[in-house]
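Here is how the chains run, residue by residue.
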Amino acid sequence: MRNSETAISIKGLTKFYGKFRALNNVAFEVKRGDFFAFLGPNGAGKTTTINVLTGLSNYQSGKVNIFGYDTSSEYLLSRRLIGLCAQEFNFDPFLTIHQLLVYQAGYFGIPPKKATRNAEALLERFQLIEKRHVKHRALSGGMKKRLLLCRALIHDPEILILDEPTAGCDLELKFLIWDYLTQLNKEGKTIFLTTHYMEEAEKLCKTIGIINQGHIVRIGEKKNILQDKSLETVFLEVTGPE
Ligand SMILES: Nc1ncnc2c1ncn2[C@@H]1O[C@H](COP(=O)(O)OP(=O)(O)OP(=O)(O)O)[C@@H](O)[C@H]1O
Ligand SMILES: [Mg+2]
């Protein structure tokens, strides 16, 4: 790693889809070891930011680094430091879940024997080992979420980027994923997580960034963000004249 202390550095990032400006001069940093929550409503630009970080999207201006490596000119160096848990399930339908993890490891240059060991350890850890010979279609929604985590971790990345990992999960699975993520952060992984839920950010994170309509609205330590009265919304229900 060229810069071992700053996991993510984004400066002046602007991204257009055609004429639509999805990200407008976005800038922030995430320190190594942080648990960073990226909050924002639907369409705010969270997934677009993740796509830029992981080299899936191009952009018109700005500088984006992962541990000091430029995500576009040094794509391979930056991408291998990232484990990505995408917003949607995007598994190869023809592979068993065990094969799927071994193939994924192959993309990162991990030889088959080590890939098999890693895959089995992860399937064990995320309680999927008994399903290792089935295809992902035979998994429940919650199991697929856990498989996404296994796939993200297969090459032992420095930073885990998760796009709404608990969306659509029941309470039990949500708490299980929260426990896994807390544990992984304690083991030293930097975690970048997008969510709509302040509760999730409050429970898990050390730092919070808020994005709306492609602009960073707030960024800072969790306790400072939570005390910011300007972010509170008051709902009034008017029942009409007596
Ligand atoms: N491939 C694309 N082509 C055109 N516009 C896009 C594309 N992807 C995203 N957008 C637009 O960019 C904006 C930001 O989308 P993005 O997916 O980043 O939002 P998000 O914050 O992840 O929202 P959600 O919480 O719903 O997942 C939206 O207005 C969306 O319609
Ligand atoms: Mg999204």
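The sections below set out a description of the structure shown in this document. (Residues numbered from 1 in each chain as written. Chains lettered and ligands numbered in written order. Predicted model: local features only at pLDDT ≥ 70, side-chain atom pairs only at ≥ 80, totals over all residues. Heavy atoms only, no water.)

**What to know about the sheet that holds strand E3 (residues 35-39)**
And then number 1: Pairing within the open sheet is mixed, and its six strands lie in the order E6-E7-E8-E3-E9-E10. Each end of this open sheet is capped by a strand with a single partner; those strands are strand E6 (82-85) and strand E10 (215-221). Along the sheet, successive strands turn relative to each other by an average axial angle of 15 degrees, direction set aside.
And then number 2: With four bridges joining them, E3 and strand E9 (residues 207-212) adopt parallel strand pairing. Directly across from leucine 39, in E9, lies its bridge partner isoleucine 210.
And then number 3: Along the sheet, helix H5 (residues 141-153) makes contact with E6 and strand E7 (159-163), crossing E6 at roughly 165 degrees. (Pairing = 2+ DSSP bridges. Helix = DSSP H or I, 4+ residues; strand = E, 2+ residues; numbered from the N terminus. Axes fitted to C-alpha atoms, helices over the stretch in contact; angles between N-to-C directions. Contact = heavy atoms within 4.5 Å.)

**Considering the nonpolar core**
And then number 1: Counting residues in hydrophobic clusters, the biggest one holds 44 residues, and the most contacted among them are Leu149, Leu160, Leu162, Leu181 and Ile191.
And then number 2: Not counting residues within four places of it along the chain, the set of residues in contact with isoleucine 191 comprises Asp34, Phe35, Phe36, Leu160, Leu162, Leu181, Leu184 and Asn185.
And then number 3: Listed in part, the 26 residues of the second largest apolar core include Leu13, Leu23, Tyr59 and Ile161. (Core = buried A, V, L, I, M, F, W, Y, C linked by side-chain atoms within 4.5 Å. Buried < 20%, exposed > 50% of the residue type's maximum accessible area, 1.4 Å probe, protein only.)

**Quick notes on the coordination of the magnesium ion (ligand 2)**
And then number 1: In this structure, Thr47 (OG1) and Gln87 (OE1) serve as the protein donors to the magnesium ion (ligand 2), at separations of 1.9 to 2.4 Å. Of this pair, threonine 47 sits in helix H1 (residues 46-53) while glutamine 87 sits in the loop between E6 and helix H3 (97-107), placing them 40 residues apart in sequence. (Donors = N, O, S within 2.8 Å, 3.2 Å for Na, K, Ca; no water.)

**Observations regarding the pattern of salt bridges**
And then number 1: In total, this model carries seven salt bridges according to the counting rule given.
And then number 2: Close ionic contact of lysine 31 with glutamate 29 constitutes a salt bridge, the shortest N to O distance being 3.2 Å.
And then number 3: Lysine 31 sits in the partly exposed class, given a relative accessible area of 45%.
And then number 4: Note on glutamate 29: relative accessible area 41%, which makes it partly exposed.
And then number 5: For arginine 125, the salt bridge is made with glutamate 187, and the minimal N-O distance between the two is 3.1 Å. Within this pair, whereas arginine 125 is found in helix H4 (residues 112-125), its partner glutamate 187 is found in the loop between helix H6 (171-186) and strand E8 (190-195), the two being separated by 62 residues in sequence. (Salt bridge = Lys/Arg side-chain N within 4 Å of Asp/Glu carboxyl O.)

**Here we look at the site of ligand 1**
And then number 1: As a matter of local geometry, ligand 1 sits amid 14 residues, with Asn42, Gly43, Lys46, Thr47 and Thr48 nearest to it.
And then number 2: Tyrosine 17 is positioned such that a nitrogen or oxygen atom in its side chain is 3.3 Å from a nitrogen atom of ligand 1.
And then number 3: Between ligand 1 and the protein, one listed contact pairs an oxygen atom with a side-chain N or O atom of histidine 196 at 2.8 Å.
And then number 4: Bound to the protein, ligand 1 loses 61% of the 630 Å² it would expose on its own.
And then number 5: Tallying contributions element by element places H1 first for the shell around ligand 1, with three residues.
And then number 6: Tallied by class, residues from the shell around ligand 1 come to five nonpolar, seven polar and two charged. (Near = heavy atom within 4 Å. Polar contact = N/O pair within 3.5 Å; in protein donor to acceptor, adjacent residues only side chain to side chain. Areas by Shrake-Rupley, 256 points an atom, 1.4 Å probe, with all protein chains shown as cover. Nonpolar A, V, L, I, M, F, W, Y, C, P; charged D, E, K, R; others polar.)

**A look at H6**
And then number 1: End to end, H6 covers 22 Å across 16 residues, agreeing with the expected 22 Å (1.5 Å per residue, within 8%).
And then number 2: Buried within H6 we find Leu173, Lys174, Ile177, Trp178, Tyr180, Leu181, Leu184 and Asn185. Summarising the axial view, the buried residues of H6 lie within an arc of 165 degrees, below the 170-degree limit, and thus occupy one face. For H6, the exposed residues lying more than 90 degrees away from the buried face are Leu171, Glu172, Asp179 and Lys186.
And then number 3: The inward-facing, buried residues of H6 abut E3, H4, H5, E7, E8 and helix H7 (198-204).
And then number 4: Directly after H6, the chain includes glycine 188, whose backbone phi takes a positive value near 115 degrees. (Expected span 1.5 Å × (residues − 1). Arc of directions from axis to C-beta.)

**A word on the pairing of strand E1 (residues 6-17)**
And then number 1: When E1 meets strand E2 (residues 20-31), the two strands line up antiparallel, connected through eight bridges. Its bridge partner lying in E2, phenylalanine 16 is registered against arginine 21.
And then number 2: Hairpin geometry of E1 and E2 is characterised by an intervening segment of two residues between the two adjacent antiparallel strands and by a positive phi of about 60 degrees at glycine 18.
And then number 3: In terms of strand pairing, E1 meets strand E4 (residues 61-66) through five bridges, oriented antiparallel. When the bridges of E4 are listed, isoleucine 8 appears paired with isoleucine 66.

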